Each structure stands twice: as structure tokens, then as C-alpha cells.
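Commentary on secondary and tertiary structure
Next come the chains, spelled out residue by residue.
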Amino acid sequence: MKKNTWIGIGIIILAVLVAGFLLFNNFKTGNVIENEKQLDHIKDTCECIERNNLKCSGDFQLDPKDGMCKKLGAITNPLLGCSKYDCQGEIYEI
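This one's a predicted model, so the numbers in the text were calculated from it and none came from an experiment. (Residues numbered from 1 in each chain as written. Predicted model: local features only at pLDDT ≥ 70, side-chain atom pairs only at ≥ 80, totals over all residues. Heavy atoms only, no water.)

**Describing a nonpolar patch on the surface**
A cluster of nonpolar residues, W6, I9, I13 and L17, forms a patch on the protein surface that exposes about 420 Å² of accessible area. Here W6 lies in helix α1 (residues 3-24). The exposure class of W6 is exposed, given its relative accessible area of 52%. (Patch = residues over 30% accessible without salt bridge, like charges linked within 9 Å, V, L, I, M, F, W, Y side chains within 5 Å. Areas by Shrake-Rupley, 256 points an atom, 1.4 Å probe, with all protein chains shown as cover. Salt bridge = Lys/Arg side-chain N within 4 Å of Asp/Glu carboxyl O. Helix = DSSP H or I, 4+ residues; strand = E, 2+ residues; numbered from the N terminus. Buried < 20%, exposed > 50% of the residue type's maximum accessible area, 1.4 Å probe, protein only.)

**Digging into the sheet that holds strand β3 (residues 61-62)**
Backbone hydrogen bonds hold the strands of a sheet together, and the pairing may be parallel or antiparallel. Ordered by their spatial adjacency, three strands build an open sheet running β3-β4-β5, and the pairing between neighbours is antiparallel. Of all the strands in the sheet, just β3 and β5 (74-76) have a single pairing partner and so form its edges. Pairing of strand β4 (residues 69-71) with β5 involves three bridges; the strand directions are antiparallel. Within β5, the residue paired with C69 across the bridge is T76. (Pairing = 2+ DSSP bridges.)

**Details of the nonpolar core**
In terms of nonpolar packing, the biggest core is built from six residues, these being I42, C46, C82, Y85, C87 and Y92. For this core, the element with the most residues is strand β6 (residues 79-87), which contributes three residues. Dropping the residues within four chain positions of it, C82 is found in contact with C48, I49, E50, R51, N53 and I94. (Core = buried A, V, L, I, M, F, W, Y, C linked by side-chain atoms within 4.5 Å. Contact = heavy atoms within 4.5 Å.)

**Describing the environment of G67**
Looking at the element boundaries, G67 is found in the loop between β3 and β4. Once the C-alpha coordinates of G67 and C56 are considered, the two residues, eleven residues apart in sequence, prove to be 10.0 Å apart. In this structure G67 touches L62 and P78, once residues within four positions along its chain are discounted.

**A word on the state of the cysteines**
A full pass over the atoms with the stated rule returns three disulfides. With a sulfur-sulfur separation of 1.7 Å, C46 is cross-linked through a disulfide to C87. On the sign convention where negative is left-handed, the bridge of C46 and C87, at about 110° about the S-S bond, is right-handed. Taken together, the residues C46 in the loop between α2 (36-45) and β2 (47-55) and C87 in strand β6 connect sequence positions 41 residues apart. In terms of burial, C46 and C87 fall into one category: buried. A sulfur-sulfur distance of 2.0 Å marks the disulfide that ties C56 to C69. Handedness here is read from the sign of the S-S torsion; for C56 and C69, about -90°, the answer is left-handed. Of the two residues, C56 sits in the loop between β2 and β3 while C69 sits in strand β4, which places them 13 residues apart along the sequence. Disulfide connectivity for the protein chain, with bonded cysteines indexed by sequence position, reads 1-6, 2-5, 3-4. (Disulfide = S-S within 2.5 Å.)

Set out below in C-alpha cells:
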């Protein structure tokens, strides 16, 4: 066979592999939580598997500029809140 034929066959095989990957791969990483009641239930009954949400304790407020918790001139480090829960195999993201 000619070199151009082999290149054409290679491109077709590559296109089929990419299409198959895109069709059969599940890009969804987790379910989205719809309301506060569902969020409370998930926090109470599911296991936290990832901590990426910054939050502050007490009356401190998170300053988006520097990522620190501030209150009346006092500064403290933020806490890491749960960002992903595992509920018996179902993954939920916050």
C-alpha cells in the first residue's frame, strides 16, 4: 500500500478512538445539590471525601482579596469545608 493510504487509515482509526472516548466517557464528576434541605441531609448522612471550600468560624467573614477571615481588625486563617460527599456511591459536590 502507498504511504498516503496508511496515513489515511491512521487518521480514521484515531478519529474513531477519539469519538469512542467522547461518547463513552462520563465527564460528570458529581451531582449538584439543589436545596438547603438536601444539603443538610447530605452533611448529616454522607462521608466527606474532599475539602476545598474555604469558610470562616464564628462571626468572621472571608475576605476574597487575600483569602483570610476578618472581623473588626482581627484576622484568622480560613477553615477547609467539605466540597464533595460520598453517599453510598453517589458523589455530590457543593
